[in-house]
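# Architecture at a glance
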Amino acid sequence: VVCVGGDGMFSEVMHGLIGRMQKDSGIDQNNPKAPLVQCNIRIGIIPAGSTDCICYSTLGIADPVTSALHIIVGDCQPLDVSSVHHNNTFVKYYVSLLGYGFYGDILKDSEKKRWMGPMRYDYSGFKTFLSHHYYEGTISFQPAKHALGSPRDKDRCRTGCYICKESGQQLAEQHKEHGLNHEEDEEWKVIKGKFLAINAVNMSCACPRSPKGLSPAAHLADGSADLILVRKCSRFDFLRYLVRHTNHDDQFDFSFVDVYRVKSFQFTSKLSEDNESNITDIGKKRFGQFCRDHPVCCCNIANSTWNCDGETLDSSAIEVRVHCQLMKLFARGIEENCKDEAAYSHSSIEQLL
């Protein structure tokens, strides 16, 4: 299946193919622990969107001619897909970014300004940065012990990546020996706090403005996601973190930033944890809509919105699981070319200035 469009168009095609495959195989998508069946149909992307993050992260460039050539040649690149559930109900799949807090607020605000075109992301991003909202919650996750390397490695995911190949084989062997019940017995790590952003990425999420992406060492097909937690900090420190996305410095080298390689995680906001019968919660319910529509008031916003591959999710409490190499693309991964990366980095800094 070949689609012409951006990340949203690809997401629609992906949901159709995965959903049809699970239906034909008798798999219940509402079961968050169900082993999903791999799709046997490849997807080709001719980039024509505003960001084209998926195309950029799998080919190294968002160019229609390059994408068409990969489709003609018949290249094949496996791709991890993550499923999102809420209360044992399937919500959505994603392949690039699942963001709560900063990136969720940007998307929610930008949806009201679609008439501005791609510039709406710059406007909403600046507005969200000034608001500097943080959100309290609890996140629990299972470390991806099968995956080789770590998010802070210098080994990038490139054509014929050995980390993706060996990590996928190790994960398959674990499932064959122990089954999916083995994952439930593994230790979960729990972190509570106040967060400016919670990002889970299945790939680097690189784009022309950020040539290294949100997680430069993230891999396309190793059966894991990189979970990035940005704790509450000053505006200046958060700006330093955002600027690191445009250069070659270590963007995780901050005391308020933590990154983990995981295969599943859960998040619950503090509002969901509180007792609903509490008087303050009654007040929040009564005035919640007003506070959401007028965030400049003195009330603290309790919940953000999840940005799931450019689409908003209504539920803040979610359960996420990575499915190793569930999809295949007409691509071959990014080929090593240091000169191109340096050129993109230089141009992105000029755009920022």
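Scroll up for the structure.
Within every chain, residues take consecutive numbers counted from 1 along the sequence as written. Owing to the predicted nature of the model, reporting of local features is limited to residues with pLDDT of at least 70; listing and counting of side-chain atom pairs is limited to 80 or more, with chain, interface and lining totals taken over all residues. Calculated side-chain values reflect all of the structure's heavy atoms, with hydrogen atoms and water omitted.

The next point concerns the layout of surface pockets. Cavities and pockets are defined on a 1 Å grid built over the protein atoms alone: a cavity is a set of grid points where a 1.4 Å probe fits but cannot escape, while a pocket is an open set with protein on both sides within 12 Å along at least five of seven lines, and lining residues are those with an atom within 4 Å of any such point. Grid points are joined across faces, edges and corners, and a volume is the space filled by probe spheres set on the points. Of the volumes computed, that of the largest pocket is approximately 1,800 Å³. Lining the largest pocket are 45 residues; nearest its centre among them are Thr51, Tyr103, Tyr121, Cys207 and Arg209. Of all the secondary structure elements, the ones that give two or more residues to the lining of the largest pocket are helix H1 (7–24), helix H4 (102–110), helix H5 (119–131), helix H8 (235–243), strand E11 (311–313) and helix H11 (338–352). Considering each element in turn, the lining of the largest pocket owes the most residues, 7 residues, to H5. For the lining of the largest pocket, the per-class residue count stands at 20 nonpolar, 16 polar and 9 charged. Helix and strand labels come from DSSP, where a helix needs a run of H or I of at least four residues and a strand needs a run of E of at least two; each type is numbered from the N terminus. Classification used: nonpolar for Ala, Val, Leu, Ile, Met, Phe, Trp, Tyr, Cys and Pro, charged for Asp, Glu, Lys and Arg, polar for all others including Gly.

Every case where a carboxyl oxygen of Asp or Glu lies within 4 Å of a side-chain nitrogen of Lys or Arg is listed as a salt bridge. A complete count under the given rule lists 9 salt bridges for this structure. The salt bridge involving aspartate 109 is made with lysine 127; its shortest N-O contact spans 3.0 Å. Of this pair, aspartate 109 sits in helix H4 while lysine 127 sits in helix H5, and the two are 18 residues apart along the sequence. Judged by relative accessible area, lysine 127 falls into the partly exposed class, the value being 39%. For arginine 332, the salt bridge is made with glutamate 335, and the minimal N-O distance between the two is 3.1 Å. Relative accessible area serves as the criterion here: at 46%, glutamate 335 is assigned to the partly exposed category. What you see here is one network of salt bridges that share partners, running through Asp75, Arg332 and Glu335. Here the term buried applies to any residue with accessible area under 20% of the maximum for its type, exposed to any over 50%, and partly exposed to those in between, with areas from a 1.4 Å probe on protein chains only.

With that settled, the discussion passes to the nonpolar core. To qualify as a nonpolar core, a set must consist of buried Ala, Val, Leu, Ile, Met, Phe, Trp, Tyr and Cys residues joined through side-chain atoms within 4.5 Å. Counting 50 residues, the largest nonpolar core has Phe10, Met14, Ile43, Val230, Phe238, Tyr241 and Met327 as its most contacted members. Per-element accounting of this core gives the leading share, 5 residues, to H1. Apart from the residues within four sequence positions on either side, phenylalanine 238 is in contact with Phe102, Phe129, His132, Leu196, Val230, Cys233 and Phe256. Core analysis: the second largest hydrophobic core is formed by 23 residues, Phe195, Ala200, Leu229 and Phe267 among them. Throughout, a residue-residue contact means that at least one pair of heavy atoms, one from each residue, lies within 4.5 Å.

On to the environment of glycine 6. You can see glycine 6 is positioned in the loop between strand E1 (2–5) and H1. For the pair glycine 6 and serine 50, spaced 44 residues apart in sequence, the C-alpha to C-alpha distance is 6.6 Å. Apart from residues no more than four positions distant in its own chain, glycine 6 is found in contact with Ala48, Gly49 and Asp52.

Comment: phi is negative for the bulk of residues other than glycine, and the bulk of peptide bonds are trans. You will see that asparagine 87, though not glycine, has its phi angle at about 55 degrees, which is positive. Located in the positive-phi region is asparagine 88, a residue other than glycine, with phi close to 55 degrees. By the element assignment, asparagine 88 lies in the loop between strand E3 (77–86) and strand E4 (89–94). Of the residues examined, asparagine 88 reaches a relative accessible area of 54% and is grouped as exposed.

On to a nonpolar patch on the surface. A cluster of nonpolar side chains, contributed by Val65, Leu69 and Ile72, occupies part of the molecular surface with about 320 Å² of accessible area. Of note, leucine 69 is situated in helix H3 (residues 64–73). Nonpolar side chains (Val, Leu, Ile, Met, Phe, Trp, Tyr) within 5 Å and like charges within 9 Å form the patches, drawn only from residues with over 30% relative accessible area and no salt bridge. Areas reported as accessible are Shrake-Rupley estimates using a 1.4 Å probe. Residue values count occlusion only from the protein chains shown.

Turning our attention to empty space enclosed by the protein. Tallied over the entire structure, the rule returns 3 cavities of 30 Å³ or more. Empty space within the largest cavity amounts to approximately 60 Å³. Along its surface, the largest cavity is lined by Gly101, Phe102, Asp105, Thr128, Phe129, Ser131, His132, His133, Leu196 and Phe238. Elements supplying a minimum of two residues to the lining of the largest cavity: H4 and H5.

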